[in-house]
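# Reading the structure
This is what each chain is made of:
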Amino acid sequence: MEMICFLFLTVVPVSIKGDGVYAPAQAQIIHAGQACVVKEDNISERVYTIREGDTLVLQCLVTGHPRPQVRWTKTAGSASDKFQETSVFNETLRIEKIQRLQGGRYYCKAENGVGVPAIKSIRVDVQYLDEPILTVHQTISDVRGSFYQEKTVFLRCTVNSNPPARFIWKRGAETLSHSQDNGVDIYEPLYTQGETKVLKLKNLRPQDYASYTCQVSVRNVCGILDKSITFQLTNTTAPPALKLSVNETLVVNPGDNVTMQCSLTGGDPLPEVVWSHSPSPMPHNSLIQEGNLTIWGICMDDSGYYNCTAINNVGNPAKKTVNLLVRSMKNATFQITPDVIKESESIQLGQDLKLSCHVDAVPQEKVVYFWYKNGKPARVSDRLLISRNDPELPPVTSSLEIIDLRFSDYGTYLCIASFQGAPIPDLSVEVNISSETVPPTISVPKGQSTITVQEGSRAELQCEVRGKPKPPIIWSRVDKEAPMPSGAMTVETYDGKLRLESVSREMSGTYKCQTARYNGFNIRPREALVQLNVQFPPVVEPTSQDIRQGMGRSVTLRCTMLKGSPMKVATAIWRFNGNLLTLPPTEQQDYSELKVDSVTRETSGSYECSISNNVGVSTCLFQLSAKAYNPEFYYDTPNPTLSQKQSKNYSYVLQWTQKEPDAVDPILKYRLDVRQLNQRNTVQTLVPVKKMAKGLLLEHILRNLKIPQSYEVRLTPITDFGAGDMAARIIRYMEPINYPNPADNTCRFEDEKICGFMQDKMDNFDWTRQNALTQNPKRTVNTGPPTDISGTQEGYYMFIEASRPRVTGDKARLISPLYNITAKYFCVSFFYHMYGKHIGSLNLLVRLQNKRAIDTQVWSLSGNRGNDWQQAHVPINPPGPFQIIFEGVRGTSYEGDIAIDDVTLKTGDCPRRPIGPNKAVALPGSGVLTLHRSSLGGPLTFFLYVLLR
């Protein structure tokens, strides 16, 4: 069901002085979605309440000239006016299936370049009620035991809701409270998430073993029904308990099939067992069955923590965790560390030397290292030490240390890393120690310190490394804290070359190459720098510019180079309408100019300036002409529609101003083209211009438009140069209602806004707006009107459909805007159509807006009234602001459609003498007309008059 709430704005007349009708933007927010619990003063209410999952529709009504542009933004809270990046540029903001996190304050920002922007806001309150969660706890002193009679039990009920929920505790069908049972305590704990109520059963008694229900309610707000959860407390109620069939740390080999059994050892009611995996989801090659988790063909990605959790909402959940490790070994590296004590950076006889070997493995601590020299196992001695955990190196790194290096220690050393007894291949690394083993040096080849390439091409940066062994090279950026193109902060290469594909201008800068401290000497890294210059085409302004000048005037066109590499104009080529222009040579500058001595029809057109810096070309585009700018339609015309429904025609007051009229030659006239939508024929009219000035409001009345058709209007200014820019808009028929002063106005429901009427959110179904062209061709026969009161197929009316799923007694209520005017008497007149053998009732009510809404029925009619439109006049005299409500009540079956049309509210008496307040008039047909004495306050009396048409 949709509720439409309209705010009607008063248009303030503006004088035609200075900037004429140019006016800064003004804005007002209305809501037209599935709102609920709208406050009684909903005409100005700034809080929009909606149920989660319904559709949010906010509309920003704007005034101002030129027509303001609208931007919607949202903040999380109500105190901040900061606009977020995410915006919706539209007058209507629509959010389907709104969620609770989308609640907050929404801002409508309207701006048109005149004055300061207008900003309005409305707070959206999303209502919801989750399913409650009930958990049971006993005193901490006996957590692992059963729930014995002498223990105290806490039943905790938690729910997330908006607005805050009301809790009701029941034992069986009995509602519990403090006053009724001394053994019961109900309270709200501190520091809990969500809303929580605790039922405390003090020193359990036999009668406390029962069924307990926690019922939560948001008092049917937004039609949200109450929810509840029930728990059966017995003397066997106990928290869950678990045991695992495997150790907490489980090491497996790649390709193995693994089963982890998680068994329940306790818990009443029967707990639910759930497996989970962190940090990633459960593997696709896994199966959970009766608490057992099986993983087939395990791989490295299946590693991690597997959690088995048992929950029965009694006590705390039971949880067991298995750390699953898949054996692996990779990245074997070595280091040569010269004598640290003597701060040496090279290998020297007589000094100490350390060789280190490391692999990345899982599990790391299970790796075993073996050292060989020249193919034979290395023997530990006073001068040769082998250690496993060197504090100066990464964990689980094996080191071979040679004390007082001698010539006989030269040779080839081999380090082998192994998982003994596991089917994982060994990894090895070889180190040659000799007089030729020297630390590295690094340099940039001659002519390679600066690399210049064009954007989009391939670049290769190179550093040369000498030494034995040659370590890897680590590349990084120096002048920018930015990652490499791969996304990593560093890149490792073994040949010293950094290859960059499809370089961009952002990749320009200084790059550093340095030696790694592994697979070579463990000493201070050697470094070198390489500069990369990326050349790119020029960036120019303006990329596109529209220039208007009066005929005979001169104009200078300039194309400026903002940036580029190299930053200089090599060539500048001008073209007019695609033809090359010849210009005298000029000195190299960062711009190029072209002067047009006189703007004429022959010199008007497209000018292009192509600027090159020998890398690429960029173009400035100028559109030069003497044609007039477009007119600016004026959208704030009060009551632009003039209609007589009986004649089936209407007129429309079209108003506009001319954009920058002094920029070109005087405007002589306008060409006006009018076309009915969905038709091809166009009616063309020439509108002469007597006076023209910036901001001057021009006007033309469009006549003989057909109700309720819409039309496309195109308006083109004409000068001595010719036709200017055209502006187009759609003219839609609107009821000429001037709320909130409704005197002598009739609502014919021809406009989608239905004159500000809105559907009641608290009824059973909605009134429907339709005409003979939009009604369902399969609708029920022998009920409902064929057309509206005018008899035309295009005319609209409001009706209720009695077919399924409607049932007897269902109500649809249509509520008018709030009338806040002063008059002693009013007359409500309307046409009704009540045809069908199952017709229910049509009621008219008046709602007074006091501290609370008071609805009083003032007119009612029931039963079949024949297949004709008939008219009713109802006099009322409300003492203050009021609304009228049309209530349709579904009869006993489907042939019971009711319709209304042409609703009029006038000040003063009704046209005929009213019938006394204590009389009832029976009209022809099977129904009964009832009259109700007023209860609106004081001596107020309602009179009723029904005129059959």
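Residues numbered from 1 in each chain as written. Predicted model: local features only at pLDDT ≥ 70, side-chain atom pairs only at ≥ 80, totals over all residues. Heavy atoms only, no water.

Of regular secondary structure, the protein possesses zero helices and 70 strands. The proportion of buried residues among the 949 residues of the protein is 49%. Taking contacts inside the protein between residues at least 6 apart in sequence as the whole, the part at least 24 apart equals 70%. When the accessible area of the protein is evaluated, it comes to approximately 47,300 Å², of which 49% is carbon and sulfur surface. (Helix = DSSP H or I, 4+ residues; strand = E, 2+ residues; numbered from the N terminus. Buried < 20%, exposed > 50% of the residue type's maximum accessible area, 1.4 Å probe, protein only. Contact = heavy atoms within 4.5 Å. Areas by Shrake-Rupley, 256 points an atom, 1.4 Å probe, with all protein chains shown as cover.)

According to the stated counting rule, one finds 35 salt bridges in the structure shown. Between Lys-512 and Glu-527 there is a salt bridge, and its shortest N-O distance comes to 3.8 Å. Residue Lys-512 is found in strand 40 (residues 509-515), and its partner Glu-527 is found in strand 42 (residues 527-541); the two are separated by 15 residues along the sequence. (Salt bridge = Lys/Arg side-chain N within 4 Å of Asp/Glu carboxyl O.)

Moving on: the confidence of the model for the protein. Per-residue pLDDT for the protein averages 86, and the proportion of residues at 70 or more is 87%. Here residues 77-85 is a poorly scored stretch, pLDDT under 50, and it has 17 contacts once near neighbours within four places are set aside; other chains count. For residues 913-949, every residue scores under 50 in pLDDT, and the model assigns this stretch 94 contacts once sequence neighbours within four places are set aside. (pLDDT = per-residue confidence, 0-100.)

According to the stated counting rule, one finds 13 aromatic pairs in the structure shown. Cluster of aromatic residues (ring-pair linked, three or more members): Phe-830, Tyr-832, Trp-859 and Phe-886. Sitting over the face of the ring of Phe-633, Arg-729 holds its NZ or CZ atom 5.8 Å from the ring centroid. Here Arg-769 stacks its cationic end above the ring of Tyr-796, 3.6 Å away from the centre of that ring. (Phe/Tyr/Trp six-rings, centres within 6.5 Å; stacked < 30°, edge-to-face > 60°. Lys NZ or Arg CZ within 6 Å of the ring centre and 35° of its normal.)

Scanning the entire structure with this criterion turns up eight disulfides. A sulfur-sulfur distance of 2.0 Å marks the disulfide that ties Cys-157 to Cys-214. Looking along the S-S bond of the Cys-157-Cys-214 disulfide, the torsion reads about -85°, which is the left-handed sense. Of the two residues, Cys-157 sits in strand 9 (residues 153-159) while Cys-214 sits in strand 15 (residues 211-217), which places them 57 residues apart along the sequence. For Cys-157, a relative accessible area of 0% translates into the label buried. Given the relative accessible area of 0%, Cys-214 is considered buried. Between Cys-827 and Cys-910 runs a disulfide, and the two sulfur atoms are separated by 2.1 Å. The sign of the 105° torsion about the S-S bond sets the Cys-827-Cys-910 disulfide as right-handed. Pair noted here: Cys-827 is in strand 64 (residues 826-834) and Cys-910 is in the loop between strand 69 (898-907) and strand 70 (945-947), with a separation of 83 residues, a long-range link. (Disulfide = S-S within 2.5 Å.)

So, on to a nonpolar patch on the surface. There is a patch of nonpolar side chains on the surface, built from Val-380, Leu-385 and Ile-386 and spanning about 250 Å² of accessible area. Turning to its location among the elements, Val-380 is positioned in the loop between strand 28 (376-377) and strand 29 (384-387). (Patch = residues over 30% accessible without salt bridge, like charges linked within 9 Å, V, L, I, M, F, W, Y side chains within 5 Å.)

The next thing to look at is the sheet that holds strand 15. Spatially, the four strands line up as an open sheet ordered 12-11-15-16, and their pairing is antiparallel. Across the chains shown, the open sheet's two edge strands, defined by having one partner strand only, are strand 12 (174-175) and strand 16 (227-232). When strand 11 (residues 166-171) meets strand 12, the two strands line up antiparallel, connected through two bridges. Note that in strand 12 the partner of Arg-171 across the bridge is Glu-174. (Pairing = 2+ DSSP bridges.)

Turning our attention to the nonpolar core. Core analysis: the largest hydrophobic core is formed by 35 residues, its most contacted members being Phe-757, Phe-830, Trp-859 and Phe-886. Among the elements of the structure, strand 62 (797-800), strand 63 (811-815), strand 64, strand 65 (841-849), strand 66 (853-862), strand 67 (870-876), strand 68 (882-889) and strand 69 are those that each provide at least two residues to this core. If sequence neighbours within four positions are ignored, Phe-886 has contacts with Phe-757, Trp-767, Ala-812, Arg-813, Leu-814, Phe-830, Asn-843, Leu-844, Ile-900 and Val-903. Judged by nonpolar contacts, the second largest core, of 30 residues, contains Leu-400, Leu-405, Tyr-413 and Cys-415. (Core = buried A, V, L, I, M, F, W, Y, C linked by side-chain atoms within 4.5 Å.)

What follows concerns the environment of Leu-355. Looking at where Leu-355 falls in the secondary structure, it is placed in strand 26 (residues 353-362). Taking the C-alpha atoms as reference, Leu-355 lies 9.6 Å from Ile-433; in sequence the two are 78 residues apart.

Moving on to unusual backbone geometry. Across the junction of Asn-162 and Pro-163, the peptide omega takes the value 5°, indicating a cis bond. Mapped onto the fold, Pro-163 is located in the loop between strand 10 (161-162) and strand 11. Cis geometry marks the peptide bond from Lys-468 to Pro-469; its omega dihedral reads 0°. Among the structural elements, Pro-469 can be located in the loop between strand 36 (464-468) and strand 37 (473-477). Although it is not a glycine, Asn-313 sits at a positive phi angle of roughly 65°. Following the sequence through the fold, Asn-313 ends up in the loop between strand 23 (304-311) and strand 24 (318-326).

With that settled, consider the sheet that holds strand 5 (residues 92-95). On the basis of which strands lie adjacent, the open sheet formed by three strands has the order 1-3-5 and antiparallel pairing. Every interior strand has two partners, whereas the edge strands, strand 1 (23-31) and strand 5, have only one. Going across the sheet, the axis of each strand differs from the next one's by a mean of 15°, ignoring polarity. (Axes fitted to C-alpha atoms, helices over the stretch in contact; angles between N-to-C directions.)

Turning to the pairing of strand 3 (residues 56-65), a few remarks are in order. Strand residues, when the strand is regular, have side chains that alternate between the two faces of the sheet. Summarising burial for strand 3: 10 of the 10 residues are buried, a large majority. Every second residue of strand 3 is oriented toward a common face, with Leu-56, Leu-58, Cys-60, Val-62 and Gly-64 on one face and Val-57, Gln-59, Leu-61, Thr-63 and His-65 on the other, all of them buried. The sheet contact formed by strand 1 and strand 3 spans seven bridges and is antiparallel. Residue Gln-26 lies in a different strand from strand 3, and its bridge partner there is Thr-63. With four bridges joining them, strand 3 and strand 5 adopt antiparallel strand pairing. Bridge pairing in strand 5 places Leu-58 opposite Leu-93.

Next up on the list: the pairing of strand 42. Of the pairings in the sheet, the one linking strand 34 (residues 450-454) to strand 42 comprises five bridges and is parallel in character. Residue Ile-451 lies in a different strand from strand 42, and its bridge partner there is Leu-532. The pairing of strand 40 with strand 42 spans six bridges and is antiparallel. Bridge pairing in strand 42 links Gln-514 to Glu-527. Alignment of strand 42 against strand 44 (residues 555-565), held across four bridges, turns out to be antiparallel. Residue pairing across strands places Phe-536 opposite Ser-565, the latter belonging to strand 44.

Its place among the elements puts Arg-526 in the loop between strand 41 (520-521) and strand 42. For Arg-526, a relative accessible area of 17% puts it in the buried group. In this structure the side chain of Arg-526 is engaged in a polar contact, spanning 3.4 Å, whose partner is the backbone oxygen of Pro-440. Sequence-distant contacts of Arg-526, that is, excluding residues within four places in its chain, are made with Glu-345, Pro-440, Thr-441, Ile-442, Cys-513, Gln-514 and Thr-515. (Polar contact = N/O pair within 3.5 Å; in protein donor to acceptor, adjacent residues only side chain to side chain.)

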